[in-house]
Amino acid sequence: MASLNPNFHKRFGNSLGTALATLILTSPAYGATVEERLAALEQRIVELELQLKRKDAEIEQQLKLKDAEIAAIKRPLAAVKTQTEQPQSKLDGRIYQEYERPSYRFKTPPKSIFLSDSDTTLQIGGQIWLDAIYNDGDMANRGGFQTSSILLNGESNVDKTLLSAGQSKLSFRSHTPTKHGDMTTRFEFDMFDGDGNADFNLTHLWGELGNWGAGQTFSGFMDINSFPNILDYWGPSAMVFARHPQIRYRRNLDNGNSWALGIERSDADLALPFYLDPATLEYSEQNDWPDASASYTYRFDQGYIKTALLLRSVGYKTAQQKDEVWGWGINVTGTYDLNYSHSLKFQIANGKGIGRYLNDPCCHYYADITGGSDAGLDGNGKLTAIGATAGFIYLDKQWNDNYTSSIGISYVDIDNIVSQHPLSFNNSLYSTVNLIYNPTIMSRLGIELQYGELENYRGDKGDNFRLQTSFGFKY
């Protein structure tokens, strides 16, 4: 600080003169020699100057703190952009963000911590969630309604009911403006476990600087915004759902549209030939190239349409031979607002070698015996990519400010090849209907009826009804 207020010095100077006069007249040294009185006076002036300097420093520190507080207040919370901020629908003002599924988007007020001596803001949030579940049939995945885990061979779960807190989660997000653009980070985990226990499950380790992003997050081939407003953790059987370590470049266009390119970790799920014993089979899956994704999102007044492409190479190697094949996929997703209270969500995906990206084929209960659905050996022993088609459609209904519902159906079909095991996944159907109540802006209560069917390559069929009640508390 260059100087204090001149009036302050004037007032302080007048006070100083009065103090000096009083000091001379009342000092015990009055009557001493002139030299002694001058020495005492000089000592007192030095002490007063030191006090003045300390007062100046205190005032300067207070002004700095006040400036920091004013800057923090003036900094708008809306300027704290996330790495996936989306333009809003013109119908109802909703902001679509690739944060998480819609059923987790409570109407919470913005909350940010401004870190001292830094331009970084930190957001800490999450939810406490309890699922109360009753099963009519037998399903291996007790925490999520995964139709590919329906038991077909007489296995049985003893308990029909389950209480699980697995959908509880904790997240940390940060935002820092830089000369290269906004830098954002996201660290998040939930507690989901297929057995219904609460266990650490890492979901996101993601950072972005400007248009570039790196870490682990949703695949560029999927669209979390199309996830329906349901209570079930697992989601529609046909949903393209994967979280991978990846590098991505994304560009937002002036008209609200956007496009993205990315490379992601590849992980082949190969089908095992029925004539080989998995216990004695010695081979390794080959992923010589990362998966490549590209997407374009087109926005309009009533919603958006996202088209995503995937290209990947999968293969295997044994002591005697090696083979690989290219896979590809296209995924079209979106939402369409029929009016202020009704919204359609949809997905249609098709391709070859994309089984591990689909909710059901990726995690088939009998996979230890059958392998996956990405690629397998044809009748000539040549590795070939396995075809897959998957789609769903859901209608979300907003009854009023407190009540919502969602109803829909999902179906996935695998084009099995001749060498696949009879227990291999062939197709599944998934459907749900619910009613969700928000008693406050940071709490949620809902009930959902779920029904699913599973059929394997041999033609065996199974189904299950599940009733789920969920309680959610946001923080």
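Residues numbered from 1 in each chain as written. Predicted model: local features only at pLDDT ≥ 70, side-chain atom pairs only at ≥ 80, totals over all residues. Heavy atoms only, no water.

Under an unreviewed UniProt entry, the chain has the name DcaP family trimeric outer membrane transporter and belongs to Pseudoalteromonas qingdaonensis.

It is worth spelling out the overall build of the chain at this point. Broken down by element type, the chain carries three helices and 21 strands. Classification of the 475 residues of the chain by burial places 44% in the buried group. Residue pairs at least 24 apart in sequence account for 64% of intrachain contacts in the chain once pairs closer than 6 positions are excluded. Carbon and sulfur atoms form 58% of the exposed surface of the chain, whose accessible area is close to 23,600 Å². (Helix = DSSP H or I, 4+ residues; strand = E, 2+ residues; numbered from the N terminus. Buried < 20%, exposed > 50% of the residue type's maximum accessible area, 1.4 Å probe, protein only. Contact = heavy atoms within 4.5 Å. Areas by Shrake-Rupley, 256 points an atom, 1.4 Å probe, with all protein chains shown as cover.)

Time to look at the environment of Lys306. By the element assignment, Lys306 lies in strand β12 (residues 303-317). Linking Lys306 and Tyr296, residues 10 residues apart in sequence, is a C-alpha distance of 5.7 Å.

Quick look at the nonpolar core now. Of all hydrophobic cores here, the largest spans 34 residues; its most connected members are Phe221, Met222, Val240, Tyr357, Leu358 and Val412. Those elements that place two or more of their residues in this core are β12, β17 (387-398), β18 (403-415) and β19 (425-437). In terms of residue count, the dominant contributor to this core is β17 (four residues). Setting aside its immediate chain neighbours within four residues, Val240 contacts Phe221, Met222, Asn331, Gln347, Ala349, Tyr357 and Leu358. (Core = buried A, V, L, I, M, F, W, Y, C linked by side-chain atoms within 4.5 Å.)

Right, let's get into a nonpolar patch on the surface. Together, Tyr134, Trp399, Tyr403, Ile407, Val433, Leu435, Ile447, Leu449, Phe465 and Leu467 give the surface a local cluster of nonpolar side chains, amounting to about 900 Å² of exposed area. Elements with a contribution of two residues or more to the nonpolar patch: β18, β19, β20 (443-456) and β21 (461-474). Of note, Trp399 is situated in the loop between β17 and β18. For Trp399, a relative accessible area of 52% gives the class exposed. (Patch = residues over 30% accessible without salt bridge, like charges linked within 9 Å, V, L, I, M, F, W, Y side chains within 5 Å. Salt bridge = Lys/Arg side-chain N within 4 Å of Asp/Glu carboxyl O.)

Applying the stated criterion across every chain yields a total of 18 aromatic pairs. Where Phe218 meets Phe241, the ring centres are 5.9 Å apart and the plane angle is 80 degrees; that geometry is what we call edge-to-face. Of this pair, Phe218 sits in strand β7 (residues 212-218) while Phe241 sits in the loop between β7 and β8 (243-252); the two residues are 23 residues apart in sequence, bridging distant segments of the chain. Phe218 gets classed as buried once you look at its relative accessible area, which sits at 6%. Taking the centre distance of 6.2 Å and the plane angle of 40 degrees together, the rings of Phe300 and Tyr336 count as tilted. (Phe/Tyr/Trp six-rings, centres within 6.5 Å; stacked < 30°, edge-to-face > 60°.)

Moving on, we get to the side chain of Thr120. Relative to the helices and strands, Thr120 resides in the loop between β1 (113-114) and β2 (121-135). You can call Thr120 buried: its relative accessible area is 14%. Here the side chain of Thr120 touches Thr176 through a polar contact of 2.6 Å, side chain to side chain. If near-sequence neighbours (up to four positions away) are discounted, Thr120 is found in contact with Ile113, Phe114, Leu115, Ser174, His175 and Thr176. (Polar contact = N/O pair within 3.5 Å; in protein donor to acceptor, adjacent residues only side chain to side chain.)

Judged from the three bridges that link them, strand β10 (residues 284-286) and β12 form a sheet pairing that is antiparallel. When the bridges of β12 are listed, Gln286 appears paired with Gly315. Between the end of strand β11 (residues 291-300) and the start of β12, which pair antiparallel, lie two residues. As paired strands, β12 and strand β13 (residues 322-337) are joined by 15 bridges and run antiparallel to one another. Paired with Thr307 across the bridge in β13 is Val332. Counted between consecutive antiparallel strands, the loop separating β12 from β13 contains four residues. (Pairing = 2+ DSSP bridges.)

What follows deals with the pattern of salt bridges. Two side chains of opposite charge can pair, provided their charged atoms sit close to one another. Enumeration according to the criterion identifies 13 salt bridges in this entry. With a shortest N-O distance of 3.4 Å, Arg173 and Glu188 are connected by a salt bridge. Of this pair, Arg173 sits in strand β4 (residues 169-178) while Glu188 sits in strand β5 (residues 181-190); the two residues are 15 residues apart in sequence, bridging distant segments of the chain. Looking at Arg173, the relative accessible area reads 14%, which means it is buried.

Here we come to the pairing of β8. Where β7 meets β8, seven bridges bridge the pair, whose relative direction is antiparallel. The residue bridging Gln216 from the neighbouring strand is Pro245, located in β8. Taken together, the seven bridges between β8 and strand β9 (residues 258-264) define a ladder with antiparallel strand orientation. Along β9, the bridge assignment pairs Ile247 with Ile263.

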